[in-house]
Each structure stands twice: as C-alpha cells, then as structure tokens.
Amino acid sequence: MAVVAELGETVSKLRQAYESSRTRSLAWRQAQLRGLLRLLKEQQETAFEALHEDLGKHRAEAYRDEVGLLMKSANEALRQLGKWMTPEKVWVPLVAFPATGQIVPEPLGVILIFACWNVPLGLSLEPLIGAIAAGNAVALKPSELSPCTAKFLAENVGKYMDAAAVKVVQGGPEVGEQLMEHRWDKVLFTGSPRVGRAVMAAASKHLTPVALELGGKCPCIFDMMSSARELQIAVNRIVGAKWSCCAGQACLAIDYLLVEERYLPVLLKVLKSTMKRFFSDADAMARIVSARHFERLRNLLKDREVAPSILHGGSMDAENLYIEPTILLNPPLDSAIMTEEIFGPLLPIITLKKIEDSIAFVRAMPKPLALYAFTGDAKLRRRIVEETSSGSVTFNDAVVQYAIDALPFGGVGQSGSGQYHGKYSFEMFSHKKAVMKRGYLIELTLRYPPWNERKIAL
Ligand code: NAD
C-alpha cells in the first residue's frame, strides 16, 4: 500500500522524469512498448495466476480479454508509432500566403490512470500503452478490489519499463483521493459514475482534463433470425458476451435483452441449451469480485417484485462468491435491476409487441456505453444508428468491438467521455499543437489601422 506521505515524492519524481525530455523520443517510447511486451510474455503465467486469484478467471479468458489483447495493442502501437508521431501538414488559405501549417502531436506531460478491477490488467495497461506511446510519464493506480493483479503490476512494471517514468501506486479510495490532490496533465478514470464525479470535481482544482470511462446498461435488441443456424450463432455470441466476460462484470456486457413476445419461446430454448453447454464446467465462469458486490447482486434478485420473474438459474453460493447464470423475464421496469447497471451474471429479458418498439425503449434510458442489435433488417439497423445514441453500436455480435483498434472505445453522456484504443489512445494523451510559419514576401497592410470603410468590404 502506498504511504500517503510518499505520494508527493512519487509525483515529483514523475514530473522530473518528464521534464528531463527523455520520454519524448521515439526510441524511449519504443523501448517502453517493447518492455511491456516482454513483461506480458515472460510473466504471463504469473499474470494468469493473479487474475485467477482475484476473479477466478480461467486462463483462456484471461488470455483472450487481457494478455492477448494487450500484446496485440502494444504490437500495433510499435508498428504505427512513427506514423502517429509524424506532424500532419495542413492546407493554409491563400490569403495567408506565403505560409505553412502543421499539426504537431506533443506529449501532455504526467498522466494519472485509474483502473477498474474487472479487467484489471487490461484496463491498467491498455491506456498505459497510449500514454507511453504519446511520450508521457505515467502513474497507474489499479483497483484495490483486484489486489493480486495490482501487486503483480507494482512488482513488474518497473522491471520492464523506465521505473522513474512509469510508476504503479497501490491503494484504495483514500489513495485515489490523495493522488487527485496533485497536479496532473490528464487523468483517465475507469470506474463508476459516482467516483467519476468525485475525480472530476477534484481535477477542477488544477484544471486537469479528465477522460471518464464509465458504464451503464448496455441493451441488446434481438430480432427474429432467418435460420436455425443464425439463431444458434447469435445466441452463442450473446451467451459469450453476457457470461464469459468476467461473469457479466464488464462495462460492455449485455445488460438486458429486448425481444418480440412471439419469438421468446424459440429464443429461450436455444439460450438455455447454450448456457448449459458453455458453463457446465465449474471453472468456466469467473466469480463475483467481492462480498459487497455479491450482496448487491443478491439484493437485485431478492427484491419482492423481481424474484417471481426469475426464469432460469438464480442459485447462489456466498462462500465461493458464485451466482449461477440467471435469466429473468419482464422484471418491473422501475425495479433496481432495470434502473441500475447490473454488472453481474443476471440477464433480464423484456418482451415487446414489435421489435421496432425497442428504439423508443432504448431512447428512454440514459445513453449506454454500447448498444447491440441482432437483426438482418437493414431498415431497423439504419434507424438504430440514426435514432439512438450510445458509445458504440455493434450489429450481430457483442463486446468484440473492444478488440478493434480502428474503432474508438468510449462512452457518451452518462457512459463517459473521451475515447481510446489504437490511434485514439495516442490522441487521448497528446496535445495537437497548431504550428504555423509565415514568410515575408507579401505584406497586406489592410489588416492594420488606421481603419476605414474600404477595409471592411475587403
Ligand atoms: P469504482 O468506481 O468504485 O473504483 C474505480 C477506481 O477508482 C478504483 O481504482 C478506486 O480505488 C478508485 N477510487 C474510488 N474512490 C475514489 C475517490 N474518491 N477518488 C479517487 N479514486 C477513487 O469502481 P466500481 O464501481 O467497482 O466499478 C464499476 C463501474 O466501472 C461500472 O459502472 C462499470 O461499467 C465501470 N467500468 C467501465 C469501464 C470502461 O472501460 N468504460 C470498464 C470497467 C468498468
């Protein structure tokens, strides 16, 4: 745990490292990315153990969602870095002739990253890749709810990267609050809207820009499929996205399904058989992160109005922090399970008369981080894109958009602000400096006083 008195020193060491200018060079940035790749390769087994200890994640899930994705992102940053750092020439209007214009990306300075516990390695290192690629010094605060991964990061980051310019600070909310007392050049916060508000308020003291990676209720519109094969594939993707990503404790997890009443029996049959097939092994699904979150989820189900809507699953094991993959049918729309983000293995299904009604349903809720729709209907797809607002829209799959570097990742409205991944991560932690150079060949004296009416017409 970080001793609060030491934090000031940590921050000033980071600033010294940044002020030394060494983090700006292409060579330094490449060396950090290569170091991170070596860390992920050489310490892979220790990382799997930490993720298993913290969340009961299977190593295959840990590789798919964290280690493997991070290697992809670091490799991509290494490949593209030279291009991203190259100043962009822009056209300058003739009236300014002779002149040239450029946009020069410059590092912001010293960055603070707050990570969440559900993808504790990924949500720490994915933004770190962008921050070092952009030439910054970085403090990383992992979540106290995933202590083994936090310890893993604290023990290894300094061994593989420039330990004076990239530091891991362990601790809970009080350490987070103390960190926010200091001046940063940008803060990226991943977590709840409640803490996001506190971080933003604290950042205002130093006018520090903040990117908020929050969550919300990600809806999934499920239209009728045109064949049994398509139905099975769609359901595989839904079951995978709901329960195989940290047991539904994922910001991009499907929160609830919207389906036409008449299609429900067919969908349920395939859903249940697929859940059985995917999750019959005891270690197939991660566990709930903590007793507090277990209790929160139990309360969502225990609600007197909600309990009768449990259609499948619902069993719980408090000792092992396990909740069976659970389906609910039409819980009351004003119950907590339909107004709060679920962030766990519970899936409400809401039936509608017509699938088109889903658009009004989604619009009535706060803007989600992601919106999913399984549909072959081009008109419905167009309406969804044009008539709803969300961080992203994915058709006929879920969560996979997170792995696509060409697509910016981030929320809108209550689901957050600021986007990263791929080049967007580099941009998140860079300032686009406008650089203009003029010559002395022509001088338009019309721009100067003394003023007269002719100067207005021109
Ligand atoms: P949280 O908001 O309680 O904590 C997140 C981080 O903030 C932790 O590192 C914590 O130590 C720190 N913190 C807590 N209080 C603080 C304070 N007062 N000042 C400074 N730092 C403080 O985490 P949670 O509520 O368990 O996270 C779940 C939420 O995170 C969900 O809403 C989920 O959707 C969201 N989330 C978003 C993303 C994304 O990438 N958009 C990813 C994962 C989770």
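Each chain has its residues counted from 1, running along the sequence as written. For a predicted model such as this one, the threshold for reporting local features is a pLDDT of at least 70, and the threshold for listing and counting side-chain atom pairs is 80 or more; totals across whole chains, interfaces and linings nevertheless cover every residue.

As annotated in an unreviewed UniProt entry, the chain carries the name Aldehyde dehydrogenase and is attributed to Eleusine coracana subsp. coracana. UniProt positions are given in the numbering used here, feature names are shortened, and annotations may be inferred rather than shown by experiment. The Catalytic activity (unreviewed entry) field of the UniProt record for the chain holds the comment "an aldehyde + NAD(+) + H2O = a carboxylate + NADH + 2 H(+)". Under Sequence similarities (unreviewed entry), UniProt gives the following word-for-word description of the chain: "Belongs to the aldehyde dehydrogenase family."

**Q** Hey, could you go over the site of the ligand for me, with residue numbers and the actual values?
**A** Neighbouring the ligand are 27 residues, the closest being Pro173, Gly176, Gly191, Ser192 and Gly215. Working definition: helices are DSSP H or I runs of at least four residues, strands are E runs of at least two. Numbering for both runs from the N terminus. Where the shell around the ligand is concerned, the elements lending two or more residues are helix H7 (173-179) and helix H8 (193-203). Side-chain classes are defined by residue name, with Ala, Val, Leu, Ile, Met, Phe, Trp, Tyr, Cys and Pro counting as nonpolar, Asp, Glu, Lys and Arg as charged, and the others, Gly among them, as polar. Considered class by class, the residues forming the shell around the ligand number 13 nonpolar, 9 polar and 5 charged. The criterion for a residue being near a molecule or strand is a backbone-placed C-beta atom within 6 Å of that molecule or strand.

**Q** With reference to specific residues and values, describe the sheet that holds strand S1 (residues 88-90).
**A** One open sheet holds the 3 strands; their spatial order is S1-S2-S18, and the pairing between them is antiparallel. Looking along the sheet, the strands with just one partner apiece sit at the ends: S1 and strand S18 (430-438). For this sheet, the mean inter-axis angle between neighbouring strands, taken without regard to orientation, is 30°. Direction of pairing for S1 relative to strand S2 (residues 99-107): antiparallel, over a ladder of 3 bridges. Residue pairing across strands places Lys89 opposite Gln102, the latter belonging to S2. For two strands to count as paired, DSSP must find a minimum of two bridges between them. Geometry is summarised by axes, namely lines fitted to C-alpha atoms with helices restricted to the contacting stretch, and by angles between N-to-C directions that run from 0 to 180 degrees.

**Q** Tell me what's going on with the packing of helix H9 (residues 228-243) against helix H10 (residues 264-278), and back it up with residues and numbers.
**A** Running from N to C, H9 and H10 point in directions that differ by 55°, and their axes come no closer than 10 Å. The pairing of H9 with H10 is recorded here as oblique in orientation. By crossing handedness, the relation of H9 to H10 is classed as right-handed. On H10, the residues touching Leu231, Gln232, Val235, Asn236 and Val239 of H9 are Val270, Leu271, Thr274, Met275 and Phe278. Classifying every residue of the contact of H9 with H10 by side-chain character gives 7 nonpolar, 3 polar and no charged. Working rule for angles: under 35 degrees goes down as roughly parallel, over 145 as roughly antiparallel, 65 to 115 as roughly perpendicular, anything else as oblique. By definition, any crossing whose near helix is turned counterclockwise from its far helix by less than a right angle is left-handed, and any crossing with a clockwise turn is right-handed. Two residues qualify as being in contact provided that their C-beta atoms, derived from the backbone, are within 7 Å of each other.

**Q** Just give me the short version of the packing of helix H2 (residues 26-42) against helix H5 (residues 122-133), but keep the residues and values in it.
**A** Closest axis-to-axis distance for the H2/H5 pair is 9 Å, and the angle between their directions is 160°. Classified by the angle between their axes, H2 and H5 sit roughly antiparallel to one another. Crossing angle aside, the handedness with which H2 passes H5 is left-handed. The segment H2 lies against H5, with Arg29, Gln32, Leu33 and Leu36 engaging Leu125, Ile129, Ile132 and Ala133. For the contact of H2 with H5, the class distribution of residues is 6 nonpolar, 1 polar and 1 charged.

**Q** Describe in detail H10, supporting the description with residues and values.
**A** Any helix carries an expected span of 1.5 Å times its number of residues minus one. Between the first and last C-alpha of H10 there are 21 Å, a value that for 15 residues agrees with the 21 Å anticipated at 1.5 Å per step. Those residues of H10 that sit buried are Leu267, Leu271 and Met275. Looking down the long axis of H10, one finds its buried residues gathered within 60° of arc, a one-sided arrangement. In H10, the exposed residues that point more than 90 degrees away from the buried face are Pro265, Lys269, Lys276 and Arg277. In the core, the buried residues of H10 are packed alongside strand S8 (219-222), H9, strand S9 (256-260) and strand S13 (326-329). As a rule, residues whose C-beta atom has 12 or fewer other C-beta atoms within 10 Å are exposed, those with 20 or more are buried, and those in between are partly exposed; C-beta atoms are placed from the backbone. In this description, one arc is meant: the one made by directions from the helix axis to the C-beta atoms.

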